[in-house]
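Letter by letter, the chains look like this.
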Amino acid sequence: GTPKVEALIGEAMKQMGSGGYESAVRHLRAAASLEPDNRDLRLVIEQKESQIREGMANDGVQPDRVPVLVSKLDEMRALNLSPGEGFILSRIDGKADIRSIAKISPLSGLEALMVFWKLARANHIRFEDEA
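A brief structural summary. (Residues numbered from 1 in each chain as written. Predicted model: local features only at pLDDT ≥ 70, side-chain atom pairs only at ≥ 80, totals over all residues. Heavy atoms only, no water.)

**Points about helix H3 (residues 39-58)**
Every α-helical turn comprises 3.6 residues, leaving residues that sit three or four positions apart pointing alike. Threshold: Helix and strand assignments follow DSSP, with helices taken as H or I runs no shorter than four residues and strands as E runs no shorter than two, numbered in order from the N terminus. Each residue after the first adds 1.5 Å to the expected span of a helix. Accessibility here uses a 1.4 Å probe with only protein chains present; expressed as a share of the type maximum, an area under 20% marks a residue as buried, one over 50% as exposed, and anything in between as partly exposed. It is the directions from the helix axis to the C-beta atoms whose arc is reported.
Here H3 is 20 residues long and its end C-alpha atoms lie 29 Å apart, about the 28 Å a rise of 1.5 Å per residue gives. Listed in full, the buried residues belonging to H3 are Leu-41, Ile-45, Lys-48, Glu-49, Ile-52, Gly-55 and Met-56. All buried residues of H3 fall inside an arc of 110° around its axis, so they share one side. Pointing more than 90 degrees away from the buried face of H3 are the exposed residues Arg-39, Asp-40, Leu-43, Glu-54 and Asn-58.

Right, dumping it as structure tokens:
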């Protein structure tokens, strides 16, 4: 890959190491956009995204878990959410699991997981089986 692509992948790996999954994904997507036809790069990116999924799963974001709102919706309106994040938030009802909500969301699978991860880290949601 070009030096710019190498730098973006390097930065993504650094971000992943410190739990900055959101930033890591942005860097990976930027690298992919610079060389859309590079199959080797695509494989590297898929591998890194898989590691990010694992990291989020270790933090409790697993497809069969049921998210439950902790914060009041009024508090969450101040969060400045993207339309995709708002969509996901609006579907959290304490019954549907992450997989079901992600499937109907306008976001990619990884982006949807990222929203649940961010909301859980900020203590706006918890998962049904957590005390």
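There is more to say, and it comes next.
**Points about helix H7 (residues 109-121)**
The end-to-end C-alpha separation of H7 is 18 Å, in line with the 18 Å expected for 13 residues at 1.5 Å each. For H7, every residue scored as buried is listed here: Leu-110, Ala-112, Leu-113, Met-114, Val-115, Phe-116, Trp-117, Leu-119 and Ala-120. At the C-terminal side of H7, Asn-123 shows a positive phi close to 60°.

**Quick look at the packing of H3 against H7**
Selection rule: Note on geometry: axes are lines fitted to C-alpha atoms, helical ones only across the stretch in contact, with angles between N-to-C directions running from 0 to 180 degrees. For this classification, under 35 degrees means roughly parallel, over 145 means roughly antiparallel, 65 to 115 means roughly perpendicular, and everything else is oblique. Crossing handedness is read from the near helix: turned anticlockwise from the far helix by less than a right angle, it gives a left-handed crossing, and turned clockwise, a right-handed one. Throughout, a contact is declared for two residues whenever any of their heavy atoms are within 4.5 Å. When residues are grouped by polarity, Ala, Val, Leu, Ile, Met, Phe, Trp, Tyr, Cys and Pro land in nonpolar, Asp, Glu, Lys and Arg in charged, and all others, Gly among them, in polar.
One can describe the packing of H3 onto H7 by two numbers: an axis separation of 11 Å at closest approach and a directional angle of 30°. By the angle between their directions, the pair H3 and H7 is classed as roughly parallel. Both H3 and H7 take part in a crossing whose hand is left-handed. Along its contact with H3, which presents Glu-49, Ile-52, Arg-53 and Met-56, the element H7 presents Gly-109, Leu-110, Leu-113, Met-114 and Trp-117. Class assignment for the residues of the contact of H3 with H7 results in six nonpolar, one polar and two charged.

**Let's talk about the packing of aromatic side chains**
The following threshold applies: Whether two aromatic rings pair depends on their centres lying within 6.5 Å, for rings of Phe, Tyr and Trp, where Trp uses its six-membered ring; planes under 30 degrees apart make the pair stacked, over 60 edge-to-face, and the rest tilted. Placement of a positive charge over a ring is assigned whenever Lys NZ or Arg CZ falls within 6 Å of the ring centre and within 35 degrees of the normal to the ring plane.
Taken as a whole, this structure holds one aromatic pair when the rule is applied. Ring geometry for Tyr-21 versus Trp-117: centroids 4.8 Å apart, planes at 50°, classification tilted. Here Tyr-21, found in helix H2 (residues 21-34), pairs with Trp-117, found in helix H7; they are 96 residues apart in sequence, far enough to count as distant. Like Trp-117, Tyr-21 is buried. Seen from the ring of Phe-87, Arg-91 lies directly overhead, with NZ or CZ sitting 3.9 Å from the centre.

**Things to note about the nonpolar core**
To keep things clear, this is the line we draw: Residues belong to one nonpolar core when they are buried, are Ala, Val, Leu, Ile, Met, Phe, Trp, Tyr or Cys, and are joined through side-chain atoms within 4.5 Å.
Ranked by size, the top nonpolar core spans 34 residues in total, and within it Ile-52, Met-56, Val-61 and Phe-116 carry the most contacts. Looking at this core, the elements that each hand over two or more residues are helix H1 (3-17), H2, H3, helix H5 (83-90), helix H6 (98-104), H7 and strand E2 (125-127). For this core, the leading source of residues is H7, giving nine residues. Excluding residues within four positions of it along the chain, Phe-116 makes contact with Val-61, Pro-67, Ile-88, Ile-92, Ile-98, Ile-101 and Ile-125.

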